[in-house]
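# Structure assessment
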Amino acid sequence: MVSNWTKIPPPLFKKVVIVLIDALRDDFVFGSKGKQFMPYTTQVVEKGTSYSFIAEAKPPTVTMPRIKALMTGSIPGFIDVIVNLNSPALLDDNLIWQAKTAGKRIIFYGDDTWVKLFPKHFVEYDGTTSFFVSDFTEVDDNVTRHLDRVLKREDWDLLILHYLGLDHIGHMTGPNSPLVGPKLHEMDNILKKIHISLLSKEEASLPNLLVVCGDHGMSETGSHGGSSDGEVHTPLLFISSAFEKRSGPLTQPGFVQQTDLASTLAVGLGLPISRNSVGNLILPVVGGKTMREQLRFVHLNGFQLSRLLQENTPAYEKDPGYEHFKIAEKYHGNWIKLYLEGNNSEILLNLGKKVLKQYLEALKTLSSSLSKQVAQYDVYSMMVGTVIIMEVLLLLLLSLPKALSSQAEFEVSLSPPVFSLLFYLMCLMLCAVHVIVCTSAESLCYFCSMSWLTAVGVMMLISALMCSILSAIAKIFENSRPPLKNPVVSSSSWSEVDVLILAGTIGHVLSLGASSFIEEEHQTWYFLINTLCLVLCQELCRNNFLLKECDPQHSTTVKQNFDTIGKASECKNIDIPAACNSKLGQATSSTEFIKGSDKWMSLASPWIILICCRLLRSLNQTGVQWAHRPDFGHWLTSSEHKSELSFLAAVSLLMIFFLVQRRCSLVSKIAMALGLLGVYSYRAAIGNVIFPWQHASKDISKGITEARFVYVFVLGIVFTGTKDLLKSQVISADSSVKSTGLWEVYSGLVLLAALLFRPHNLPVLVFCLLIQTMMTKYIWRPLKFDAAQITIMHYWFGQAFFYFQGNSNGIATVDVSAGFVGLESYVEIPAIFLTVFATYAGPLLWAIHLLCYLSSEVSRNSAAVGHGCFCYALMRSIPVAIYIVLVTGLRYHLFIWSVFSPKLLYEGVHVFITAAICLFFTAMDQNHSHKVQD
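Residues numbered from 1 in each chain as written. Predicted model: local features only at pLDDT ≥ 70, side-chain atom pairs only at ≥ 80, totals over all residues. Heavy atoms only, no water.

### A word on the overall build of the protein
We apply this condition: Numbering of helices and strands starts at the N terminus; helices are DSSP runs of H or I of at least 4 residues and strands are runs of E of at least 2. Exposure is judged per residue with a 1.4 Å probe applied to protein chains only, and the accessible area is read against the type maximum: over 50% gives exposed, under 20% gives buried, and values in between give partly exposed. It only takes one pair of heavy atoms within 4.5 Å for two residues to be counted as in contact. For the accessible areas, the method is Shrake-Rupley and the probe is 1.4 Å, while residue cover comes only from the protein chains on display.
For the protein, the count of helices and strands is 40 helices and eight strands. Counting the 934 residues in the protein, one finds 55% classified as buried. At a minimum sequence separation of 6, the contacts of the protein that also span at least 24 residues come to 77%. As displayed, the protein offers around 41,000 Å² of accessible surface, 63% of which is attributable to carbon and sulfur atoms.

### Digging into the nonpolar core
For clarity, the cut-off: Put simply, buried Ala, Val, Leu, Ile, Met, Phe, Trp, Tyr and Cys residues joined by side-chain atoms within 4.5 Å make one nonpolar core.
Of all hydrophobic cores here, the largest spans 112 residues; its most connected members are Ile656, Trp796 and Phe797. Ignoring any residue separated from it by four or fewer positions in sequence, one finds Ile656 in contact with Leu676, Val750, Ala754, Leu765, Val766 and Leu769.

### Concerning the packing of helix 31 (residues 666–685) against helix 32 (residues 704–731)
Let me state the cut-off plainly: Angles here are taken between N-to-C directions and fall from 0 to 180 degrees, while the axes themselves are lines fitted to C-alpha atoms, restricted in helices to the stretch in contact. An angle below 35 degrees is read as roughly parallel, one above 145 as roughly antiparallel, one from 65 to 115 as roughly perpendicular, and any other as oblique. Crossing chirality is assigned from the near helix's rotation relative to the far helix, an anticlockwise turn below a right angle marking it left-handed and a clockwise turn marking it right-handed. Ten residue types, Ala, Val, Leu, Ile, Met, Phe, Trp, Tyr, Cys and Pro, are classed as nonpolar, four, Asp, Glu, Lys and Arg, as charged, and the remainder, Gly among them, as polar.
Taken N-terminus to C-terminus, the directions of helix 31 and helix 32 make an angle of 155 degrees; their axes are 8 Å apart at the nearest point. One finds that helix 31 runs roughly antiparallel with respect to helix 32. For the crossing formed where helix 31 meets helix 32, the hand is left-handed. Between helix 31 and helix 32, the contacting residues are Ser668, Ala671, Met672, Leu674, Gly675, Gly678, Val679, Ser681, Tyr682 and Ala685 on the first element and Glu706, Ala707, Phe709, Val710, Phe713, Ile717 and Thr720 on the second. Considering only residue class, the contact of helix 31 with helix 32 consists of eleven nonpolar, five polar and one charged.

### Some details on the side chain of Ser52
When you line up the elements, Ser52 lands in strand 2 (residues 50–56). For Ser52, a relative accessible area of 9% corresponds to the buried category.

### Examining the sheet that holds strand 3 (residues 106–111)
How we decide: Any two strands are treated as partners once DSSP identifies two or more bridges connecting them.
Sheet architecture is open: eight strands sit in the order 4-3-5-1-6-7-2-8, paired in mixed fashion. Strand pairing shows two members of the sheet lacking a second neighbour, strand 4 (124–128) and strand 8 (254–257), which therefore form its edges. Adjacent strand axes in the sheet meet at a mean angle of 20 degrees, parallel and antiparallel pairs treated alike. Relative to strand 7 (residues 233–239), strand 2 is paired through seven bridges, and the arrangement is antiparallel.

### Some thoughts on the confidence of the model for the protein
Put simply, the test is: Known as pLDDT, the predictor's per-residue confidence is scaled from 0 to 100.
Overall, the predicted model of the protein reaches an average pLDDT of 83, with 85% of residues at or above 70. When the criterion is pLDDT under 50, residues 551–560 qualifies, and its contacts beyond four places in sequence or with other chains add up to eight contacts. Every residue in residues 562–594 scores below 50 in pLDDT, and together they form 44 contacts with partners more than four places removed in sequence or on other chains.

### Some remarks on the state of the cysteines
The cut-off we apply is this: Cysteine sulfurs are considered disulfide-paired once they come within 2.5 Å of each other.
For the structure shown, the criterion picks out one disulfide. Cys438 shares a disulfide with Cys448; S-S distance 2.0 Å. Between Cys438 and Cys448 the sulfur-sulfur dihedral comes to about -85 degrees; the bridge is accordingly left-handed. With Cys438 in helix 21 (residues 421–440) and Cys448 in helix 22 (residues 446–449), this pair connects stretches of sequence that are ten residues apart. Looking at Cys438, the relative accessible area reads 22%, which means it is partly exposed. Take Cys871: it sits in no disulfide, and the sulfur closest to it among the cysteines is that of Cys869, at 9.4 Å.

### Considerations on unusual backbone geometry
A cis amide bond links Pro59 to the next residue, Pro60, at an omega of 5 degrees. Residue placement: Pro60 occurs in the loop between strand 2 and helix 5 (63–72). Phi is positive for Ala23, close to 65 degrees, though the residue is something other than glycine. Relative to the helices and strands, Ala23 resides in the loop between strand 1 (16–21) and helix 2 (27–30). Here Lys784, not a glycine, exhibits a phi torsion of approximately 50 degrees, which is positive. Tracing the backbone through its elements, the reader meets Lys784 in the loop between helix 34 (762–783) and helix 35 (787–804).

### Side note on the packing of aromatic side chains
The line we're drawing: Planes of paired rings set the category: under 30 degrees apart is stacked, over 60 is edge-to-face and the rest tilted, where pairs are Phe, Tyr or Trp rings (Trp by its six-membered ring) whose centres lie within 6.5 Å. As a reminder, the over-ring test applies to NZ of lysine and CZ of arginine, requiring each to be within 6 Å of the ring centre and within 35 degrees of the ring normal.
For the structure shown, the criterion picks out 28 aromatic pairs. Between Lys15 and the ring centre of Trp156, over which it is positioned, the NZ or CZ distance is 4.4 Å. Here the basic side chain of Lys354 rests over the ring of Tyr331, its NZ or CZ set 5.5 Å away from the ring centre.

### Overview of the pattern of salt bridges
Selection rule: For this document, the term salt bridge refers to a Lys or Arg side-chain nitrogen within 4 Å of an Asp or Glu carboxyl oxygen.
Applying the stated criterion across every chain yields a total of 20 salt bridges. Residue Lys201 is joined to Glu154 by a salt bridge in which the shortest nitrogen-to-oxygen separation is 3.8 Å. Separated by 47 residues along the polypeptide, Lys201 in the loop between helix 12 (180–200) and strand 6 (209–213) and Glu154 in the loop between helix 10 (147–152) and strand 5 (158–163) bring together distant segments of the chain. Residue classification places Lys201 among the partly exposed residues on the basis of a relative accessible area of 31%. Of the charged contacts, one joins Asp815 and Arg758 as a salt bridge, the two residues approaching to 2.8 Å between their closest N and O atoms. Here Arg758 lies in the loop between helix 33 (735–756) and helix 34 and Asp815 lies in the loop between helix 35 and helix 36 (828–839), a separation of 57 residues in the sequence. What makes Arg758 buried here is its relative accessible area of 19%.

### A look at the packing of helix 34 against helix 35
Where helix 34 meets helix 35, the axes come as close as 11 Å, and the angle between the chain directions of the two elements is 160 degrees. Judged by the angle between their axes, helix 34 and helix 35 are roughly antiparallel. When you trace helix 34 past helix 35, the crossing you get is right-handed. Together, Val764, Phe767, Cys768, Ile771, Met775 and Trp780 of helix 34 and Ile790, Met793, His794, Phe797, Phe801 and Phe804 of helix 35 make up the contact between the two elements. The residue inventory of the contact of helix 34 with helix 35, partitioned by class, reads eleven nonpolar, one polar and no charged.

### Some words on the environment of Ile529
Tracing the backbone shows Ile529 in helix 26 (residues 521–550). Placed 268 residues apart in sequence, Ile529 and Phe797 show a C-alpha to C-alpha distance of 6.7 Å. Residues within four places of Ile529 in sequence aside, it is in contact with Cys613, Trp796, Phe797, Ala800 and Phe804.

### Concerning the pairing of strand 7
Of all seven residues making up strand 7, seven are buried, and the element is well covered by its neighbours. The two faces of strand 7 match: His233, Pro235, Leu237 and Ile239 on one face and Thr234, Leu236 and Phe238 on the other face are all buried. By the bridge criterion, four bridges tie strand 6 to strand 7 in an arrangement that is antiparallel. Its bridge partner being in strand 7, Val212 is matched across the sheet by Leu237.

### Brief notes about a nonpolar patch on the surface
As a reminder, the rule being used: Excluding any residue in a salt bridge, patches collect residues exceeding 30% relative accessible area, merging like charges within 9 Å and nonpolar Val, Leu, Ile, Met, Phe, Trp and Tyr side chains within 5 Å.
A cluster of nonpolar side chains, namely Trp494, Val499, Leu502, Ile506 and Leu510, defines an oily patch on the protein surface of about 540 Å² accessible area. Residue position: Leu510 is located in helix 24 (residues 496–511).

### Considering the environment of Glu186
Of note, Glu186 is situated in helix 12. Under the relative-accessibility criterion, Glu186 is labelled partly exposed at 25%. Note: C-alpha distance between Glu186 and Phe37 (149 residues apart in sequence) is 8.7 Å. Discounting chain neighbours no more than four positions away, the residues touching Glu186 are Asp140 and Asp141.

See the structure below:
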């Protein structure tokens, strides 16, 4: 009798249709939009034979991990965010595999992620790419065109439809777009067609089932990936004639977990529950069956969960969920005895309800325990990676004196340590530890799965780095004073800027240990750059007033500083317009007036920058706590204010041209002007903005021609700059040619950013250029900051502008639509490049501007570019290394998946970008390297 408890029961439904509407939020069905645009679905929910729930998805809320959760009942790892770009075949036990093994015939139409996850599982399929987000209609028409034919056929058991149009509309225009309503109405008509067809083909033996769900929702900006309510709450509808017709007052849908669907469908189709499922059976779906059948279903679910617990927890017998399950199982046995004795009294029914309640409590506790333990960390591999990162960071810190010296030397000599006895002893010790760990490890370890040759190479790298660190420390102690002390950066006392830089860096690193500070990291950077502006204001006042009273020669020094700027801009074509130099030969009174106006402009610059930053903060609300509040960006993007947005975009593009063109060649100026005109034309073509003569009702397009028109000018400007750079590196060492080439590469990247930024974000680009111009002319050069200080200021402003764009440490703020500007279909490498560039445009533009500035300062400090490269790498390495250690220690934190993991992903991508920037810095510093060698 006991063995029959775990025998798979017969199916409850003949045919099952799963309609997955990508990015379907719960309020799109249960809210006002559902009543307005989905009348048939609303009627079925309120008065039909259906059960409705709100399914809660776990982050990351992107498509591939959510499909895995729906079909396996397990909780995917955060690495699936990256794997989502090119999904491999799913090897875990899942509903699709079980259905195919049982002889079920499965048909699929829609997102080709399913085809990649379940290859050779479908008897018929037609996949469409999910990443081409500018396609709203064809991607759904490609699914719907099969419906009429397949619904008439009888040669299938499971039909899966995955509609992508709603998700694409969200990415491009947001959840409040006027395009959302018609798309919901289209989905409503499709659901009506399927439901009526299923009802017309039902037989007396078994009913059919229609399941409507979403893989995830969307945020208020239309994206997804994070853990906000709009992203994690999706509707889940079960519609079948087997259910009782709803009556009485309408109640709010109950909450279930998204992983519960796999267990429920397995029972409904008469299949085994997936081995690694942590989901619970949704009882109302089987509530119409007899008490004996209901108890059998929940026992099957409990048996599967308890077995999974035994496999993952050594002390599983002490788990509260397991204890509850065993108690419920015991009462279930008593109930079976009474049932077999033919007892049909009220006592048997009440006892059955009691046993059912105990089972449900046990299932809930077991599922909760398994969900917490589902993250099995590969601690050994994590420790190896952390050790390497910390060793590299320590080497950077120990190399600080030499790297900031007048020669800008940064050499890590590995040959002496490699030939030392200590190196070989460390290699032997680490290899021995590796053998012990890998032979005793119970779970799969990534590092242990590597080939022995690779593992020994990693051990040798760790040993060499450790020996180099010990060698560097020994050299420091051998010398009585630090070698190659830098007279520029070292002084008897620290300035306020130095103190702020040190305190800000330490404070930011420490804040990474708190989830709230990570969620609201933008506030940290806003505070730091505001404080920096105030400190710069104090520095300017001291140089212009206080030091003038103490030192009569100071006024002459300040004048010389501005004279230097004028001369440099004349001979090297730097950040000052040539118009400023045309008055140098005029009368003395006129010259003094210009210098006086420059002084007051210099004093006003920090305050103007503060005003710009305050305006930018009002443009995009980001983070978590205040992201829901309305901002100026939301106001601009609403359909009622398209004229205002168009005017702002046009003015912004004109300002961008004015701020960038002053250092470009004539050909690049023309290309920039035409490119910016193309940017506006592209936005007008896709319906974001309008021309004065254009009617608002004009049909929108994908703007492919206009975007490609801009790409031609971007490539042309970058090619012109690259030609000048190669000329300066190979043919002549003329710094003016090099400076012009760098600026033209920078101008090309600005044009690309203007194309990829949404129209309401163009002021971010304008203020970026404006602040860079003001700080170059009125702050950095007059105060003669060294390369290290200027690098850190660039880094801080780059980080702040990352958040001014509307980014956050949540994946939901990534603007995926930027990756498809000008593309007719999904092409992986260009799409990834454009998305990454659009996301990190702020830090990238500030880093390239830093190189432009430092290259123009070679006459004052020949090692400026080398100093900048080292400081930039160090400023990126410190927070990343410390954060990796913190995340490793906090891996069991409650918010590890929703807060810490997305931040780690952002940091990882940022490190790759920084590495590329440092390589560019190094290439541009080759002339200095040759001079040092000579």
